[in-house]
Amino acid sequence: MSNRAESYLVGLIGDGVMPSLTPLMHEREGDVQGLRYLYRPIDLTELGLPGPSVGELLTGAYRLGFNGLNITHPCKQLVLEHLDEVTPDARRLGAVNTVTIRDGRFIGHNTDFSGFAAALATGLPGAKLNRVVQLGAGGAGSAVAYALLTAGVRELDLVDTDPARCAARAAELAGFFPDQLVTARTTAELPQLLPLADGLVHCTPVGMAAHPGLPLDMSLVDARHWVADIVYRPIETQLIREARAKGCDVLDGGRMAVGQAADAFRIFTGLEADADRMRAHFLALVAAEEVAA
């Protein structure tokens, strides 16, 4: 059980994390729950530090009394060698994005996959999961694919522009989920795949503010599909906007971001975060950013 009188000091290690909305989400939830909760970004770019310095930063965080850290690019794999324990799911994914510091021990977790799983369950309840097409098999895509298979997707078609990476990811996931079918596909196969799919999940940078546009020909998508995006800046990507206009049920990337944060908050404090409250705050933060831009 967590002691509500305790104070919490947590942080986020990664490149370019100063603009992250995660600290604000955590601190607001801590405020509402009556906690003394401080969340600080530790930006490698600002500090002039390389990714492998994550080990020194973990040691420094322990010495300074931190309770835990979130970890993002480029340190999710690099951090593994510095941990005393890793949860089975994080070990399978080969990536850690949340580290707790307890009794001098570093324990690694992965809330990328659990955050998407929560987003899928709450944002698309009852979605058909017989067959799903996923665009993107990189780091984030790996966690999302794992979440989809954990949620019960029977057939998962992974589509990526890097055939070797896609094949390796599909083979790895197939080994973890032997009763489900995971295949590596190419973008040229999308016209054959989409008619067979219940849903489409997008896990590439296309649609981000710096990479506007669509990741596929939208004529392949129709109203019976559900469509999920993990891009959340902007929250209303062109993919989400056009899929909604076609009558699709949609899942915006903000739900995964909130799911990750809510899971990390629970891991750090032992207290359940109110995901709906965190999402409302998150949407307000994103809207304020868009107005300022």
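Refer to the structure presented above.
Residues numbered from 1 in each chain as written. Predicted model: local features only at pLDDT ≥ 70, side-chain atom pairs only at ≥ 80, totals over all residues. Heavy atoms only, no water.

Enquirer: Sorry, what's going on with the overall build of the protein chain here?
Expert: Broken down by element type, the protein chain carries 11 helices and 12 strands. The C-alpha atoms of the protein chain give a radius of gyration of 19 Å, which matches the 19 Å a tight globule of 293 residues would have. With the principal axes as the frame, the protein chain shows a C-alpha extent of 55 × 40 × 40 Å. Every one of the 293 residues in the protein chain was classed for burial, and the buried ones make up 51%. At a minimum sequence separation of 6, the contacts of the protein chain that also span at least 24 residues come to 70%. Accessible surface, the protein chain as shown: approximately 13200 Å² in total, 53% of it carbon and sulfur. (Helix = DSSP H or I, 4+ residues; strand = E, 2+ residues; numbered from the N terminus. Rg over C-alpha atoms; globule rule 2.2 N^0.38 Å. Buried < 20%, exposed > 50% of the residue type's maximum accessible area, 1.4 Å probe, protein only. Contact = heavy atoms within 4.5 Å. Areas by Shrake-Rupley, 256 points an atom, 1.4 Å probe, with all protein chains shown as cover.)

Enquirer: Please explain the sheet that holds strand β1 (residues 7-14) as it appears in this structure.
Expert: In a beta sheet, neighbouring strands pair by backbone hydrogen bonds and run either parallel or antiparallel. Strand order in the open sheet formed by 6 strands is β2-β1-β3-β5-β6-β4, and the pairing between neighbours is mixed. Here the strands that pair on one side only, and so sit at the sheet edges, are β2 (36-43) and β4 (85-86). Inspection of the sheet shows β1 paired to β2 by 8 bridges, in the parallel sense. Across the sheet, Ser-7 pairs through a bridge with Arg-36, a residue of β2. Contacting β1, β2, β3 (68-71), β5 (98-102) and β6 (105-109), helix α10 (residues 254-269) runs over the sheet at an angle of about 10° to β5. (Pairing = 2+ DSSP bridges. Axes fitted to C-alpha atoms, helices over the stretch in contact; angles between N-to-C directions.)

Enquirer: Honestly, the pattern of salt bridges in this entry has me stumped. Any pointers?
Expert: Two side chains bearing opposite charge may form a pair once their charged atoms approach each other closely. This model, assessed by the stated rule, comprises 18 salt bridges. For Asp-157, the salt bridge is made with Arg-131, and the minimal N-O distance between the two is 2.8 Å. Separated by 26 residues along the polypeptide, Asp-157 in strand β8 (residues 155-159) and Arg-131 in strand β7 (residues 131-135) bring together distant segments of the chain. Since its relative accessible area comes to 2%, Asp-157 is described here as buried. Classification of Arg-131 as buried rests on a relative accessible area of 14%. Counted as one network, the salt bridges with shared partners bring together Arg-131, Glu-155, Asp-157, Arg-185 and Glu-189. (Salt bridge = Lys/Arg side-chain N within 4 Å of Asp/Glu carboxyl O.)

Enquirer: What exactly am I supposed to notice about helix α3 (residues 54-63) here?
Expert: Helical periodicity: at 3.6 residues per turn, an α-helix aligns residues three or four positions apart in one direction. Within α3 the residues assigned to the buried category are Val-54, Gly-55, Leu-57, Leu-58 and Ala-61. The buried residues of α3 all sit within an arc of 160° when viewed along its axis, so they share a single face. Exposed side of α3, more than 90 degrees from the buried face: Glu-56 and Arg-63 are the residues found there. Summarising the contacts, the buried residues of α3 are in contact with β1, β2, α2 (44-47), β3, β5 and β6. Just beyond α3, the residue with positive phi is Gly-65, at close to 90°. (Arc of directions from axis to C-beta.)

Enquirer: Help me out: how do you make sense of the packing of aromatic side chains in this one?
Expert: When we look at a pair of aromatic rings, we describe it by the centre distance and by the angle of the planes. Counted by the stated rule, this structure contains 6 aromatic pairs. Note on Phe-113 and Tyr-146: the rings are 5.1 Å apart at their centroids and 85° apart in plane angle, and the pair reads as edge-to-face. Of the two residues, Phe-113 sits in helix α5 (residues 111-123) while Tyr-146 sits in helix α6 (residues 139-151), which places them 33 residues apart along the sequence. The class for Tyr-146 is buried, based on a relative accessible area of 2%. Plain terms: the ring middles of Tyr-146 and Phe-176 are 6.4 Å apart, the flat faces sit at 80° to each other, and that makes the pair edge-to-face. Of this pair, Tyr-146 sits in helix α6 while Phe-176 is found in helix α7 (residues 163-176), placing the two residues 30 residues apart along the sequence. For Phe-176, a relative accessible area of 24% translates into the label partly exposed. Put simply, the rings of Phe-113, Tyr-146, Phe-176 and Phe-177 pair up and form one aromatic cluster. Sitting over the ring of Phe-177, Arg-92 keeps its end group 6.0 Å from the ring centre. (Phe/Tyr/Trp six-rings, centres within 6.5 Å; stacked < 30°, edge-to-face > 60°. Lys NZ or Arg CZ within 6 Å of the ring centre and 35° of its normal.)

Enquirer: How should the pairing of strand β10 (residues 199-202) be read in this particular structure?
Expert: Consecutive residues of a regular strand have side chains that alternate between opposite faces of the sheet. Neither face of β10 is exposed, since Gly-199 and Val-201 on one face and Leu-200 and His-202 on the opposite face are all buried. Inspection of the sheet shows β7 paired to β10 by 4 bridges, in the parallel sense. Bridge pairing links Gln-134 to Val-201 in β10.

Enquirer: Mind showing me how you'd approach the sheet that holds strand β9 (residues 181-185) here?
Expert: Spatially, the 6 strands line up as an open sheet ordered β9-β8-β7-β10-β11-β12, and their pairing is parallel. The open sheet terminates on both sides in strands that have one partner only, identified here as β9 and β12 (249-251). On average, each strand axis in the sheet is inclined to that of its neighbour by 15°, with strand direction left out of account. Against the sheet, α5 touches β10, β11 (226-229) and β12, its axis set at about 150° to β12. In the packing of helix α9 (residues 238-245) onto the sheet, the strands contacted are β10, β11 and β12, and the crossing angle to β11 comes to about 165°.

So, to be careful, I would describe these as geometric facts and stop short of saying anything about function.
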